[in-house]
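What the coordinates show
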Amino acid sequence: MSSKPPFVKACLSGRALLIDIDDYVAAWHGSAESVGEIHEFLGMTTDEYRLWVERPESLRFIVAAHKNGLPVTDLVMKQAGLMAAARAEAKDEAV
């Protein structure tokens, strides 16, 4: 296993920034030793990894979910609701 902590844990401990994820992916691809699945190497679940691949902007929610011990879907849905409320022209349009 790699001596590098999983990406998400490194972010939470201040040892990595969100922009460092590409370096982690490159390290996983370039590793001569067996480091497991990429989502494990990054410290994500398979669903979190799939979400990040499909929507890279979700990375901050994934890290925040780990920090707060919440499912990432809860944070994404909350953010979507806040964005809808911010776009509403009238108070009764906000959901």
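Residues numbered from 1 in each chain as written. Predicted model: local features only at pLDDT ≥ 70, side-chain atom pairs only at ≥ 80, totals over all residues. Heavy atoms only, no water.

**Here we look at the overall build of the protein chain**
Regarding its fold elements, the protein chain presents six helices and zero strands. Going from N to C terminus, the protein chain has its helices and strands arranged as α-α-α-α-α-α. Residue burial in the protein chain is summarised as follows: out of 95 residues, 25% are buried. Sequence-distant contacts in the protein chain: of pairs separated by 6 or more residues, those separated by 24 or more amount to 33%. Total accessible area on the protein chain stands at roughly 6,600 Å², and carbon and sulfur atoms take up 55% of it. (Helix = DSSP H or I, 4+ residues; strand = E, 2+ residues; numbered from the N terminus. Buried < 20%, exposed > 50% of the residue type's maximum accessible area, 1.4 Å probe, protein only. Contact = heavy atoms within 4.5 Å. Areas by Shrake-Rupley, 256 points an atom, 1.4 Å probe, with all protein chains shown as cover.)

**Observations concerning the nonpolar core**
Grouped together as the largest cluster of nonpolar side chains are 21 residues, with contacts concentrated most on F7, I21, Y24, L42, M44 and W52. Those elements that provide at least two residues to this core are α1 (7-12), α2 (21-30), α3 (38-42), α5 (59-68) and α6 (72-87). At five residues, α5 tops the list of elements feeding residues into this core. Once residues within four sequence positions are removed from consideration, L42 is found in contact with P6, F7, V8, I21, Y24, V25, Y49 and W52. (Core = buried A, V, L, I, M, F, W, Y, C linked by side-chain atoms within 4.5 Å.)

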